[in-house]
Amino acid sequence: MAGQLEGRVIAVTGAATGAGAAAVAALADEGARVYAFQRSSAPGADIAERATWLTCDLTDQAATTAAFGAIRRSAGRLDVLVHAAGLWAPGAPGELTEHDLDLMLGVNLKSTVFTNQAAFELMRDRGGRIINFGSVEGIAGNPRSSAYAAAKAGVHAWTRSAALAWAACGVTVNAVNPVVDTTNAQRLRDHLGPAGGTLLDQRMQALIPLGGAMGDARRDLAPVLVFLSGDGARFITGQVISVDGGMRMLGA
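Owing to the predicted nature of the structure, the values given are computational and were not obtained by experimental measurement.

Caption draft 1: Highlighting the environment of Gly 69. Note that Gly 69 resides in helix H2 (residues 61–75). Taking the C-alpha atoms as reference, Gly 69 lies 9.3 Å from Ala 119; in sequence the two are 50 residues apart.

Caption draft 2: Inspection of the side chain of Asp 244 at higher detail. Counting through the fold element by element, Asp 244 comes out in the segment after strand S7 (240–243). Although Asp 244 is buried, it forms no salt bridge, and the closest oppositely charged side chain is Arg 248 at an N-O distance of 6.4 Å. In terms of polar contacts, Asp 244 uses its side chain to reach the backbone amide nitrogen of Arg 248, at 2.9 Å. Setting aside its immediate chain neighbours within four residues, Asp 244 contacts Asn 177, Val 179 and Ile 208.

Caption draft 3: The environment of Asp 231, seen in detail. Examined against the element boundaries, Asp 231 turns out to sit in the loop between helix H7 (217–229) and S7. The exposed category is assigned to Asp 231, whose relative accessible area is 54%. Spatially, the C-alpha atoms of Asp 231 and Gly 86 are 27 Å apart, while their sequence positions differ by 145 residues. Sequence-distant contacts of Asp 231, that is, excluding residues within four places in its chain, are made with Arg 8 and Arg 129.

Caption draft 4: Summary view of the packing of aromatic side chains. On inspection of all chains with the given rule, the structure shows 3 aromatic pairs. With a centroid separation of 5.1 Å and an interplanar angle of 25°, the aromatic rings of Phe 37 and Phe 68 are classed as stacked. You can see Phe 37 sitting in strand S2 (residues 33–38) and its partner Phe 68 sitting in helix H2, a full 31 residues away along the chain. The residues Phe 37 and Phe 68 share a single accessibility class, namely buried. Aromatic pair Trp 158 and Trp 166: ring centres 6.0 Å apart, planes at 80°, arrangement edge-to-face. Each member of the pair, Trp 158 together with Trp 166, is buried. Taken together, the ring pairs connect Phe 120, Trp 158 and Trp 166 into an aromatic cluster.

Caption draft 5: Here's a closer look at the nonpolar core. Counting 33 residues, the largest nonpolar core has Val 12, Leu 27 and Val 82 as its most contacted members. If you tally residues by element for this core, the top one is helix H1 (residues 18–29), at 9 residues. The contact partners of Val 12, leaving out residues within four places of it in the chain, are Gly 20, Ala 23, Val 24, Leu 27, Val 34, Tyr 35, Ala 36, Phe 37 and Val 82. With 28 residues, the next largest nonpolar core counts Ala 67, Phe 114, Leu 122 and Val 171 among its residues.

Caption draft 6: Molecular detail of helix H3 (residues 98–123). Between the first and last C-alpha of H3 there are 35 Å, a value that for 26 residues agrees with the 38 Å anticipated at 1.5 Å per step. The largest bend in H3 is about 45°, located at Gly 106.

Caption draft 7: Highlighting the pattern of salt bridges. Going through the model one piece at a time under the given rule, you end up with 8 salt bridges. Linking Asp 231 and Arg 8 is a salt bridge whose minimum nitrogen-to-oxygen distance equals 2.4 Å. One end of the pair, Asp 231, is in the loop between H7 and S7; the other, Arg 8, is in the segment before strand S1 (9–13), and 223 residues separate them in sequence. With relative accessibility at 18%, the residue Arg 8 sits in the buried group. The residue Asp 79 makes a salt bridge to Arg 77 at a minimum N-O spacing of 3.1 Å. Via salt bridges that share partners, Asp 29, Arg 50 and Arg 218 belong to a single interconnected network.

Here is what the cut-offs are and how they apply
- Residues numbered from 1 in each chain as written.
- Predicted model: local features only at pLDDT ≥ 70, side-chain atom pairs only at ≥ 80, totals over all residues.
- Heavy atoms only, no water.
- Helix = DSSP H or I, 4+ residues; strand = E, 2+ residues; numbered from the N terminus.
- Buried < 20%, exposed > 50% of the residue type's maximum accessible area, 1.4 Å probe, protein only.
- Lys, Arg positive; Asp, Glu negative; His and termini not counted.
- Salt bridge = Lys/Arg side-chain N within 4 Å of Asp/Glu carboxyl O.
- Polar contact = N/O pair within 3.5 Å; in protein donor to acceptor, adjacent residues only side chain to side chain.
- Contact = heavy atoms within 4.5 Å.
- Phe/Tyr/Trp six-rings, centres within 6.5 Å; stacked < 30°, edge-to-face > 60°.
- Core = buried A, V, L, I, M, F, W, Y, C linked by side-chain atoms within 4.5 Å.
- Expected span 1.5 Å × (residues − 1).
- Bend = angle between axes of the 7 residues up to and from the residue.

Honestly, that's just the spatial picture; any functional story needs more than this.
Below is the structure:
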């Protein structure tokens, strides 16, 4: 039986680990032809053979454009972009350096703009889906990671702007705000230390109505990415969709 994404050409960034790796596996399971972007981390054996791998610094606009050009030459088109690449780092207001700000804006916001624009050039004549990764911190803020929160708020605003600009071409642009246990969550635990990590898990238990813990990327997030990549999501655009067990219930 054919998968629901059979024949679609999909690019996934941040694909070697965490949510990106979960996306590669789930999209390939549904029959997609996956082009997976990684920068420094090597993919695991479970996904290494399930995608065509591209190495690229997505904060470099020229390199990003060239990498998407390689997809055009190989596949002739692009149907979906899942932009999962991102980086969490600590940084309290009043303590940020220029390097801190440049790093968070580059990895999280500039890469979103550059990948989205490169993907749009491959979609503008036939439509497509762009799915960005935002964050609950981009809505609520975080005094421990203020530059990251600011960058993700920028991702949300960019997503809505691009959705409005590109709707006439049949290109939808949405964002997901996942609260799942991945590499960035572990970076936060490492930053907090053993006692702080325990307190974090206790806080998640209090804040997340469904299960009282961060979700699993493959079980809880990947099916949402599959849906947003498919025909059922053709009339959804400009939305920031929380996949967080009810941690942050967004209103209008």
